[in-house]
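Report on the structure
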Amino acid sequence: MAVSWRSWLANEGVKHLCLFIWLSMNVLLFWKTFLLYNQGPEYHYLHQMLGLGLCLSRASASVLNLNCSLILLPMCRTLLAYLRGSQKVPSRRTRRLLDKSRTFHITCGVTICIFSGVHVAAHLVNALNFSVNYSEDFVELNAARYRDEDPRKLLFTTVPGLTGVCMVVVLFLMITASTYAIRVSNYDIFWYTHNLFFVFYMLLTLHVSGGLLKYQTNLDTHPPGCISLNRTSSQNISLPEYFSEHFHEPFPEGFSKPEEFTQNTFVKICMEEPRFQANFPQTWLWISGPLCLYCAERLYRYIRSNKPVTIISVISHPSDVMEIRMVKENFKARPGQYITLHCPSVSALENHPFTLTMCPTETKATFGVHLKIVGDWTERFRDLLLPPSSQDSEILPFIQSRNYPKLYIDGPFGSPFEESLNYEVSLCVAGGIGVTPFASILNTLLDDWKPYKLRRLYFIWVCRDIQSFRWFADLLCMLHNKFWQENRPDYVNIQLYLSQTDGIQVCENSCRWFEQKFPRGKKTVGVFCCGPNSLSKTLHKLSNQINSYGTRFEYNKESFS
Amino acid sequence: MGQIEWAMWANEQALASGLILITGGIVATAGRFTQWYFGAYSIVAGVFVCLLEYPRGKRKKGSTMERWGQKYMTAVVKLFGPFTRNYYIRAVLHLLLSVPAGFLLATILGTACLAIASGIYLLSQVPPAHRGNCRPLAVRLLVCVHVKCAVLSVYAFHVRKWSSVSRLTDLPPAGLSFRTPSCCQTLMAVALFSRGHPHAPCLPAATHS
């Protein structure tokens, strides 16, 4: 089916505009820096020595400066959560940009990877040229100590060289562990090596302090390419002979005397020897702000998560799901947000994110998460909280509350699902345990639905096992009863599906849904999906397609790995 | 930490190292570095390493994400039997291949990266029981020992973006019968919400097909 330009613009427009702006900044920086080193008079002699390698290395360095500073910003999760919830960002379109923070982080990472390759290759050629084109005229411009010095010595005995090699190794470890296959199968490797970013930034601050590349400071007294009279007089060469040696063209017509020529042509005379000075490390200016911001955010998160929570109850649900209800002083969260759990008794280093299924309210401080037991961390955590004998039945182990391990939480952090209450009509599609963000939305509506903009919610939940519906059967029933009693039976529209062996059924129904089920007229419907990639891709495509009623579907999704 | 499959990471590293060797070799040969023949060697070694490492090995636990078109290379790699199957041999091979490239400036980084990949392959052969005994500090140092510089402190938190939603793609086998739920509320929920309430108002949005 054809794409609806209104829906496409709403879903993809702002994202592509930001990408275009970012790309333009990169191209502009690259081009400006390239021209500066290629044509700038202050780098004339350096360019003569190093050639194209100088321009490429510096231009790629400026792109690296920009991306190394931008890459940290999407990882300031607390700041992003604050921006999402505050009135500082009133436009929903701008808030939806925050959903793409992880994608932007990856884009900057890939750019850093590519331009690091260009930078390293260019600097390797520069090292060779420093050695081969050692300048006896401008000794302070040289990085080599003598002509034909081994370029490998330049690499390993200078601060920029050594830190550069170390940075390449660190980047190599980080990049190889950040591929999609590794993230999906061995997230531990990805996380441990990604923490090396701090080492990378420390090395970067040292790398730029070397001052190997210098610019000329006295352009007015020594224009590049000028004739040095001291040299000609010391060699006892008269000016006309000098010109005849260096300029093979005959004197232009109209000049009868060589003296007039020297005064009236573009050739300048050097008043003094060139002086060179190392560039100020601009990288410090680029990265200091975001790095300080990120460090401040991590410190704040560490202080905030230092106090353990009090576990109120642990409930075992079918299909390997466990619910934990807890309280913590001064903990506030919005529906749709997630927290990370850290249990030192299970693992000293690991934090695991879980979406809140119940948020604290003004009347009730309890909040909760539902955990699906899939990996070694969740298995060990379940064994600590629930003894093996009671894992098959629903219990409320009040007696065991004294034996609960210490649990720390970090967060809450924002997610796209917070926006579901800000549309008049929302469609929420969940796959299996992906129902958790919507469970918190439903719990919030159970508490009080009137303050929110939402007037109709379509909720589709697909599970593999019919037992899974028991996770929130109570909630769905209570919600349904509440709306019937308040005479709003059409507020929530719930559809439950079981996935069969021939595929997930919702794909067939969703086309009809998009065509028939929504109110006619030019309305905007928020579409939220938390489930397998195939499901979300289909929904995304459908959201961009034309429908007969002119309804615009704004697609929102959270990316997991 | 004992559950990490290091060989998978070593495979990614070796593939990346092959590409770095090829790039360094091209720079050396095109730039006419002295001893540029090491650059030519580096290109050949890089191509060989890339072809050897392109097929992603089967994981011990869980499904393996194959690279596009890897089955053709897998058939060739399998022909060499234990020489390619055994990770000890692979580690030694990578170490030996990386040495000549270390003599040239342009390819020296390829040497370092391939040597690291060789080391990770060796580590992958250490039994999990011994790996699990490593204390967190030793683990951090193990990663940092590859970094030839002063080690700064590594953050203590590890965030693992967990999702069991992807498990839904593993569909149940055919013929599996679902147990009837004992909880009557589930039956009510499924009945009520799937078929629509008899008193539902006649709004287009509320009707079901």
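So, how was this worked out
- Residues numbered from 1 in each chain as written.
- Chains lettered and ligands numbered in written order.
- Predicted model: local features only at pLDDT ≥ 70, side-chain atom pairs only at ≥ 80, totals over all residues.
- Heavy atoms only, no water.
- Helix = DSSP H or I, 4+ residues; strand = E, 2+ residues; numbered from the N terminus.
- Buried < 20%, exposed > 50% of the residue type's maximum accessible area, 1.4 Å probe, protein only.
- Pairing = 2+ DSSP bridges.
- Axes fitted to C-alpha atoms, helices over the stretch in contact; angles between N-to-C directions.
- Phe/Tyr/Trp six-rings, centres within 6.5 Å; stacked < 30°, edge-to-face > 60°.
- Lys NZ or Arg CZ within 6 Å of the ring centre and 35° of its normal.
- UniProt positions renumbered as here; feature names shortened; annotations may be inferred.
- Parallel < 35°, antiparallel > 145°, perpendicular 65-115°, else oblique.
- Left-handed = near helix turned anticlockwise from the far one by under 90°.
- Contact = heavy atoms within 4.5 Å.
- Nonpolar A, V, L, I, M, F, W, Y, C, P; charged D, E, K, R; others polar.
- Polar contact = N/O pair within 3.5 Å; in protein donor to acceptor, adjacent residues only side chain to side chain.

Some words on unusual backbone geometry
In terms of backbone geometry, most residues other than glycine have negative phi values and most peptide bonds are trans. Residue and element names in this part refer to chain A. In this structure, the amide linkage connecting glycine 411 to the following residue, proline 412, adopts the cis form with an omega of 10°. On the secondary structure map, proline 412 appears in strand 8 (residues 408-413). Non-glycine residue aspartate 148 carries a positive phi angle of around 60°. In this structure, aspartate 148 sits in the loop between helix 6 (101-132) and helix 7 (151-157). Note on aspartate 148: relative accessible area 53%, which makes it exposed.

Topic: the sheet that holds strand 12 (residues 524-530) of chain A
Residues and elements named next belong to chain A. Pairing within the open sheet is parallel, and its five strands lie in the order 11-10-9-12-13. Of all strands in the sheet, those bounded by a partner on one side alone are strand 11 (492-498) and strand 13 (552-557). The sheet shows a mean angle of 15° between the axes of neighbouring strands, direction not considered. For strand 12 and strand 13, the ladder comprises six bridges, and the chain directions are parallel.

Considering the packing of aromatic side chains
Scanning the entire structure with this criterion turns up 32 aromatic pairs over all chains. Plain terms: the ring middles of Phe459(A) and Trp461(A) are 6.3 Å apart, the flat faces sit at 40° to each other, and that makes the pair tilted. Comparing Phe459(A) with Trp461(A) shows no difference in burial state: the two are buried. Geometrically, the ring pair formed by Trp461(A) and Trp471(A) is tilted, given 6.1 Å between the ring centres and 45° between the ring planes. With Trp461(A) in strand 10 (residues 456-463) and Trp471(A) in the loop between strand 10 and helix 18 (473-485), this residue pair connects regions lying 10 residues apart in the sequence. Note on Trp461(A): relative accessible area 0%, which makes it buried. Over the ring of Tyr54(B) we find Arg67(B), and its NZ or CZ is 5.9 Å from the ring centre.

Quick look at the UniProt feature "transmembrane region" (unreviewed entry) in chain B
Residues and elements named next belong to chain B. Here, the residues flagged by UniProt with the feature "transmembrane region" (unreviewed entry) are residues 12-30, 36-54, 95-117 and 137-157. Overall, residues 12-30 shows 100% helix and 0% strand. The separation of its end C-alpha atoms is 27 Å. With 74% helix and 0% strand, the stretch residues 95-117 has end C-alpha atoms that lie 9 Å from each other.

Overview of the packing of helix 5 (residues 87-101) of chain B against helix 6 (residues 108-124) of chain B
The axes of two packed helices give the description: the angle between them and the distance between them. Residues and elements named next belong to chain B. Close contact between helix 5 and helix 6 brings their axes to 8 Å; oriented N to C, the two are set at 165°. Relative to helix 6, the element helix 5 is oriented roughly antiparallel. Relative to helix 6, the crossing made by helix 5 is left-handed. Residues Tyr87, Tyr88, Arg90, Ala91, His94, Leu95, Leu97, Ser98 and Ala101 of helix 5 pack against Ile108, Thr111, Leu114, Ala115, Ser118, Tyr121, Leu122 and Ser124 of helix 6.

Quick notes on the packing of helix 1 (residues 6-30) of chain B against helix 6 of chain B
All names here are of chain B. Two elements in contact, helix 1 and helix 6, have axes separated by 8 Å at closest approach and are oriented at 165°. Considered as vectors, helix 1 and helix 6 are oriented roughly antiparallel to each other. Crossing hand, helix 1 versus helix 6: left-handed. On helix 6, the residues that touch Trp6, Ala7, Trp9, Ala10, Asn11, Gln13, Ala14, Ser17, Ile20 and Leu21 of helix 1 are Leu109, Gly110, Thr111, Cys113, Leu114, Ile116, Ala117, Ile120, Tyr121, Leu123 and Ser124. Residues that form the contact of helix 1 with helix 6 fall into these classes: 15 nonpolar, six polar and no charged.

Here's the deal with the pairing of strand 9 (residues 425-431) of chain A
Along any regular strand the residues' side chains alternate between the sheet's two faces. Residues and elements named next belong to chain A. Among the seven residues that make up strand 9, seven are buried, leaving the element largely enclosed by the rest of the structure. Here strand 9 shows a buried face lined by Val425, Leu427, Val429 and Gly431 and a second buried face lined by Ser426, Cys428 and Ala430. When strand 9 meets strand 10, the two strands line up parallel, connected through seven bridges. Bridge pairing in strand 10 places cysteine 428 opposite phenylalanine 459. Both strand 9 and strand 12 contribute to a ladder of six bridges, which runs parallel. Of the residues in strand 12, the one forming a bridge with leucine 427 is valine 527.

Some words on the side chain of Ser69(A)
Residues and elements named next belong to chain A. Structurally, the position occupied by serine 69 is in helix 3 (residues 52-70). Its relative accessible area of 6% is what places serine 69 among the buried residues. There is a polar contact of 2.7 Å between the side chain of serine 69 and the backbone oxygen of leucine 66. The residues touching serine 69, leaving out its near neighbours within four places in the chain, are Trp286, Ile287 and Pro290.

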